[in-house]
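Coordinate inspection notes
One letter stands for each residue in the lines below.
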Amino acid sequence: MLLVTWLHAAQAGELVEIAVAGLPQTGGIPFYEKEADPTWADVDLDGDWDAFVASVDGARLLVNQGGLGFVDETASRIPDLDFAGGKPSRGVLVGDLDHDGWPDVVQVRYNLLQVFYNAGGGTFPAAERWGLVDLPRQDPYDLTGASLEGAALLDVDLDGDLDVLVNNSLEGDVVLRNDGARTLTPVLQGLPLVEADYLTAADLDLDGDIDVILRTRDGGNAAWFAGGGNWSPGTGLDLASPEIDKVDKGAVLPCDVDNDGQLEIYWSNLEGYDRGFFARTGTTFAPWAGSPAVETDSEGTLSAACGDLDNDGLRDLFLGDAASDRAYLQGAGWAPVALAETDLTFGVALADDDDDGDLDVLTTGLPDNHLYRNDEPAADDHFQLRILATVRDCGLGRIVRDDIGGSAVVSDVNGPSFGRAEVSGGAGRGGTEWPVLHWGVPDGQPVTVTVHPLYGATPPYTLEVVPAALGTPHRLVVATDDRDGDGILDAFEPDDIDHDGVLSALDRDSDGDTLPDDLERGTGDVCAPPRDTDSDGTPDAYDTDSDDGGVPDGDEVAAGTDPLDPSDDFATTRPTTSTGSSATTTPATGTATGTVDLPPPLREVSVRATSGPCGCASTAGPTPLLGLAALLVARRRRYSGLISSSSSPGASLSA
């Protein structure tokens, strides 16, 4: 059964549960202690976030009906997900394994590893399967220690393809090495032989390799740092304890809880003990002094998620408890907020499911699953970022995927940091986290974004962004070949067209005319050169008078005239210009209407048209630009058809 409620901030730091009816029921899901976190993913690339939830019979795929609820479409889309020969689901991972532009699925079960390749449109034929006898083991003649547990997607060999890491308990960790052409070769990975359940994978030391934290049971080091094809042990995460029997059963996840640009590790436990956060110095971990005093019952915390729930610039915790779930809101201290439900929660995942700028919460457990829609009043105080890897360029039909392992640090332009977040291939209890990174930031203020891509060894780079100018939600999508996310490939960008000291490839207003480049680039294939309205050889994004009408684009925006229509340039007295000339400005009558000209990855948004079946508005009719204020009101980032190439129908992603 999938129930829906809202988390509503009636006052600062106070969350009130409000019941809402209307979602289709999916049937009760029995509890099994190894069941995992849910996973958010857009399997059909329709712009809405679908969800995988674990069960004793294998996972279920709940498909988002465009904000009108979720329907269990497992039987029609991915029937092998609940294959009867497998044990309960221990996790579902989602990522593009074969670089065709469609998200693929990996399910881990006690005795079975399944890989589902997306055939397009969110349908998955029969899975490739590896049973316990098919995976390499330290002792090939003994299966007594075999048990598939935690898993993650990561590029172990740095060849650009996502590999699959799975913990096989005392038989050794296995990596299915991916050649990018649907051939996965299982090999032993060389991590320690420890009994461990879940794990987290993240580039903890920002060296370009993905490191691993194992939830070990009987002691021994839990942290392992990757480098040069080898694994080196960290110290300080030997968390075995005689009073805790199930130290391997809870959640482990990365979270920059103190906004210092480093990922701390949160470690929850069953049986009433929560270890809290651990901070890293080099390869050494130590307890972080600011961890909340977690209230748990005798069973303890099964699952955990970390994110800024109230958009105040500080990351909060949501803990799935064996009795009552709790949100811990970070401020001067930690404010616990208990929820009314008393279900046994074994999985938690965060996402901005309804695209309103705050993080919603999906929990799975016994007897029901719950979706908490967050109606945080300060929803404008946020910034979201999706980091994409361009795995095939325009010459062959451009394809992008989420850059798992890539990360970013967001700061106020005056200095204070809002912390680091990373695109995760596996964290918590067996799931991939929502691929869009989220920060709470001051409303209306510019922020500095330092992006650390992982794919292709792309060097870090820095952008200045005004989140409020991105529409709702305030979401930016960057890629290996479009680092500023303006929809203009870096190959088309000149060095520094406005001589402001910022390369045009990293400048979201390259010509300094107050119109963002993504509004000036035009519509059409992202692989095509940007629009050049006056055909003077200079694209509009680099032309301060795009229509060659004699009035700079910025002045036309201020006057309310169309910077792409030369006929209205002298319909009013020319306004003050950057050259110092001045006159009285009288806005032209008859404000332009019709389609707002937005570039890929955005759909065009009609100002007066009704929404079509795709959830976007009609694009028929002329395409004049409105004044900047109207543009910012009209645009909404619903990234259906994200940065797709016309020659590659499967190349699009949603965000």
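What comes next concerns the included structure. (Residues numbered from 1 in each chain as written. Predicted model: local features only at pLDDT ≥ 70, side-chain atom pairs only at ≥ 80, totals over all residues. Heavy atoms only, no water.)

**Observations concerning the sheet that holds strand β6 (residues 70-72)**
For the record, the criterion: Strand pairing is assigned whenever DSSP identifies at least 2 bridges connecting the two strands. Working definition: helices are DSSP H or I runs of at least four residues, strands are E runs of at least two. Numbering for both runs from the N terminus. Interaxial angle, 0 to 180 degrees, is taken between N-to-C directions of lines fitted to C-alpha atoms, where a helix line uses only the stretch in contact.
Strands sit in the order β3-β4-β5-β6 across an open sheet of four strands; the sheet is antiparallel. With one partner strand each, in any of the chains shown, β3 (39-41) and β6 form the two edges of the open sheet. Pairwise comparison of adjacent strand axes, ignoring direction, gives a mean angle of 25° for this sheet. Where strand β5 (residues 60-64) lies against β6, three bridges are found, and the strand directions are antiparallel. Counterpart to L62 in the pairing with β6 is D72.

**Structural notes on the environment of T523**
Applied cut-off: Three exposure classes are used, based on accessible area relative to the maximum for each residue type with a 1.4 Å probe and protein chains only: buried under 20%, partly exposed in between, and exposed over 50%.
Inspection of the secondary structure puts T523 in the loop between α2 (517-520) and α3 (553-559). Relative accessible area serves as the criterion here: at 41%, T523 is assigned to the partly exposed category. Sequence separation of T523 and G487 is 36 residues, and the distance between their C-alpha atoms is 9.4 Å.

**Here's the deal with the state of the cysteines**
What we call a disulfide is simply a covalent bond connecting the sulfur atoms of a pair of cysteines. What counts is decided by this rule: Disulfides are defined in this document as cysteine sulfur pairs within 2.5 Å.
Applying the stated rule across the entire model yields two disulfides. The partner cysteine of C255 in its disulfide is C306, sulfur to sulfur 1.8 Å. Of this pair, C255 sits in strand β19 (residues 252-255) while C306 sits in strand β23 (residues 301-307); the two residues are 51 residues apart in sequence, bridging distant segments of the chain. In terms of burial, C255 and C306 fall into one category: buried. Across the disulfide, C394 is cross-linked to C527 (sulfur-sulfur distance 2.0 Å). Judged by the torsion about the S-S bond (-85°), the C394/C527 disulfide is left-handed. One end of the pair, C394, is in the loop between β30 (382-392) and β31 (399-402); the other, C527, is in the loop between α2 and α3, and 133 residues separate them in sequence. Classification of C527 by relative accessible area gives buried; the value is 17%.

**Here's the deal with the sheet that holds strand β10 (residues 128-131)**
Taken in spatial order, the four strands make up an open sheet running β7-β8-β9-β10, and their pairing is antiparallel. Edge positions in the sheet fall to β7 (89-95) and β10, since each has one partner strand and no second. Direction aside, neighbouring strands of the sheet carry axes that sit 15° apart on average. Inspection of the sheet shows strand β8 (residues 104-109) paired to strand β9 (residues 112-116) by five bridges, in the antiparallel sense. By the bridge assignment for β9, V106 is matched with V115.

**Remarks on the pairing of strand β25 (residues 326-330)**
Burial analysis of β25 places five of its five residues in the buried class, the great majority of the element. Burial along β25 is two-sided: R326, Y328 and Q330 facing one way and A327 and L329 facing the other are all buried. Looking at chain direction, strand β24 (residues 316-321) and β25 are connected through three bridges and run antiparallel. Each bridged residue has a counterpart across the sheet, and for F318 the counterpart in β25 is A327. As paired strands, β25 and strand β26 (residues 334-338) are joined by five bridges and run antiparallel to one another. What sits directly across from L329, in β26, is A335. What sits between β25 and β26 in their antiparallel hairpin is a turn of three residues.

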